[in-house]
Amino acid sequence: MDFTLTKEQLLIQKMARDYAEQYIQPLVERIESENAVPKEVIEGLAELDLFGMPMPEAYGGAGAGYDTYVVALEQIARISCGPAMIISAHTLGLGAINNFGTEEQKQRYMPKCCRGEHIASFAFTEPGTGSDPKQITTTAVRDGNHFVINGTKRFISNGTYPGPVVLFARDQENGKITAFIVEKFCEGYSVSKPWEKVGWHGGDLVDIYLKNVRIPAENVLGERGYGYPILQYGIAFGKIGMNAIALGTLLAAYEEAVTYAKEKTHRGEPIAKFQTIQLRIADIAMKYEASRWVAYRLGCLANQTKDYADFAREAAMAKVIVAENAFSATRIALDIHGSYGLMTDYKISRLYRDAVMGPQIEGVIDMQKIIVAGSILFK
Ligand SMILES: Cc1cc2nc3c(=O)[nH]c(=O)nc-3n(C[C@H](O)[C@H](O)[C@H](O)COP(=O)(O)OP(=O)(O)OC[C@H]3O[C@@H](n4cnc5c(N)ncnc54)[C@H](O)[C@@H]3O)c2cc1C
């Protein structure tokens, strides 16, 4: 056991940190107010290989593993969660193609995605369900060498970027969930206006509408009728990026708390002299330290995993720990700021809005605890 980052990881961490500070930081206000990530940021992140970091080199990826991906994405999210959300959702969709796709599908979709020219999505949630795949109502009807897909997918990240979306629909012949690779903006594909989220501004989020979308049968991902394992994989692997984003927010909140505690004075002395503030700083530091090793470890496990059910349990535990720590640490950092923390011109208020996102997405906290308890009590 060796809890140190490799030389390569330290280098990639520094590259991501430097890029985020130099090129994303000056655009943060614009990202927040326009709820969009400028094209030049997408291009810059692509140059850093962030769109293919854990993907195999054979398909245009960097082959750097999911652990390195977490280390890099944390640094992007430390500055702005919007660009990090785009990469996280993209890596989830692309990872599903890498894991379950045929050679032909991988050759067709992965290189452009790894270069950031196309951005992938993963579409499960519907207006009627976010936690229960049994309630999926989007339909797929076989028609010769094609499938015809109809339905609505809610809250789909990266839905407005061209590229593949791994989409789950109920096969009308066998009643089972099947995964399909759909090319966004094909005939019959349209999107809603963007959702105005509380946090993670700039991260692209829309509903997608599928009206008689015809896709060739060779675009079934994995086996027909066996979409559920792909969905399970996705829900688990999506938590790797989600954790990295929460961790970046936690780190930023930690830094803000320390800076404020040293700068804000009472009777001519910094508030850092109060033990109440010291205890809070220690709490935040401990939450960061514990969370980062849990998040990095999940990345390491993802590099080796063959058993997705086992990984799903690990991912569920990690998500609860990191998302809840990020939220409570950011809340503590806000407390340190007193009323100033409630003012939108103080960065901590944005971090608080960002931290509130983690517990709800990639599976709500309750469902993660149900997964963990089920694996202990009813295995
Ligand atoms: C920024 C963002 C990005 C997203 N990106 C994507 C994406 O790219 N692709 C995608 O498919 N989805 C995406 N989503 C959707 C998200 O993953 C779901 O919204 C989330 O999983 C929760 O589903 P829900 O909102 O329908 O909650 P519900 O499932 O309706 O849950 C609501 C409440 O009911 C409780 N509950 C539900 N079922 C049970 C149960 N069986 N037992 C006990 N309690 C239960 C939950 O604990 C929760 O408190 C995104 C959402 C956001 C906010």
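Under the annotation held in an unreviewed UniProt entry, the chain carries the name Acyl-CoA dehydrogenase domain protein and is attributed to Syntrophothermus lipocalidus. Under Sequence similarities (unreviewed entry), UniProt gives the following word-for-word description of the chain: "Belongs to the acyl-CoA dehydrogenase family."

Visitor: What exactly am I supposed to notice about the domain arrangement of the chain here?
Guide: One frequently used descriptor of interface size is the decrease in accessible area upon assembly of the parts. Domain annotation for the chain reports domain 1 (7–114), domain 2 (121–227) and domain 3 (228–377). Taken over both partners, the interface formed by domain 1 and domain 3 buries close to 2,200 Å², and the fraction arising from carbon and sulfur atoms is 63%. Counting the contacts that link domain 1 with domain 3 gives three salt bridges. A salt bridge links Glu-32 to Arg-353, with the nearest nitrogen and oxygen atoms 3.3 Å apart. Along the contact surface separating domain 1 from domain 3 lie 10 residue pairs in polar contact (both at pLDDT 80 or more). If you list the elements that add at least two residues to the side of domain 1 that touches domain 3, you get helix 1 (7–24), helix 2 (28–34), helix 4 (65–79) and helix 5 (81–100). Of the residues that constitute the side of domain 1 that touches domain 3, the class distribution is 14 nonpolar, seven polar and five charged.

Visitor: Which parts of the structure should I look at to understand the packing of aromatic side chains?
Guide: In this description, an aromatic ring pair is defined by two values, namely the gap between the centres and the angle between the planes. For the coordinates displayed, the defined rule picks out 19 aromatic pairs. With a centroid separation of 5.3 Å and an interplanar angle of 80°, the aromatic rings of Phe-100 and Tyr-233 are classed as edge-to-face. With Phe-100 in helix 5 and Tyr-233 in helix 7 (residues 227–263), the pair connects residues that are 133 residues apart, well separated along the chain. Residues Tyr-233 and Phe-237 carry aromatic rings whose centres are separated by 4.3 Å and whose planes lie at 25° to one another, so their mutual orientation is stacked. Linking Tyr-233 with Phe-237, this pair stays in helix 7, spanning four residues, or about one helical turn. Across the pair, exposure class does not vary: Tyr-233 and Phe-237 are buried alike. Among the aromatic residues, ring-to-ring pairing joins Tyr-66, Tyr-69, Phe-100, Tyr-233, Phe-237, Tyr-308 and Phe-311 into one connected group.

Visitor: What exactly am I supposed to notice about the UniProt feature "domain: Acyl-CoA oxidase/dehydrogenase middle" (unreviewed entry) in the chain here?
Guide: On the UniProt side, "domain: Acyl-CoA oxidase/dehydrogenase middle" (unreviewed entry) is annotated at positions that read residues 121–213 here. Annotated as residues 121–213, this span is 0% helix and 51% strand, and its ends, taken at the C-alpha atoms, are 17 Å apart.

Visitor: Quick question: what am I supposed to make of the environment of Glu-324 here?
Guide: On the secondary structure map, Glu-324 appears in helix 9 (residues 308–336). In this structure the C-alpha to C-alpha distance between Glu-324 and Glu-74, which are 250 residues apart in sequence, comes to 16 Å. Excluding anything up to four places from it in sequence, Glu-324 contacts Lys-319, Ile-365 and Lys-369.

Visitor: Sorry if this is basic, but what is going on with the nonpolar core here?
Guide: Across soluble globular proteins, nonpolar side chains show a tendency to be buried alongside one another. Judged by nonpolar contacts, the single largest core of 101 residues is most densely connected at Ile-24, Leu-45, Phe-168 and Ile-240. Per element, the largest residue contribution to this core is 18 residues, and it comes from helix 7. The contacts of Ile-24, once residues within four sequence positions are left out, are Tyr-19, Ile-31, Val-41, Leu-45, Ile-76, Ile-79, Ser-80 and Pro-83. In this structure, Ala-123, Ala-140, Val-182 and Ile-215 belong to the second largest nonpolar core, which totals 18 residues.

Each value, and the rule that gives it
- Residues numbered from 1 in each chain as written.
- Predicted model: local features only at pLDDT ≥ 70, side-chain atom pairs only at ≥ 80, totals over all residues.
- Heavy atoms only, no water.
- UniProt positions renumbered as here; feature names shortened; annotations may be inferred.
- Domains from an automatic or database assignment.
- Buried area = accessible area lost by both parts, 1.4 Å probe.
- Salt bridge = Lys/Arg side-chain N within 4 Å of Asp/Glu carboxyl O.
- Polar contact = N/O pair within 3.5 Å; in protein donor to acceptor, adjacent residues only side chain to side chain.
- Helix = DSSP H or I, 4+ residues; strand = E, 2+ residues; numbered from the N terminus.
- Nonpolar A, V, L, I, M, F, W, Y, C, P; charged D, E, K, R; others polar.
- Phe/Tyr/Trp six-rings, centres within 6.5 Å; stacked < 30°, edge-to-face > 60°.
- Buried < 20%, exposed > 50% of the residue type's maximum accessible area, 1.4 Å probe, protein only.
- Contact = heavy atoms within 4.5 Å.
- Core = buried A, V, L, I, M, F, W, Y, C linked by side-chain atoms within 4.5 Å.

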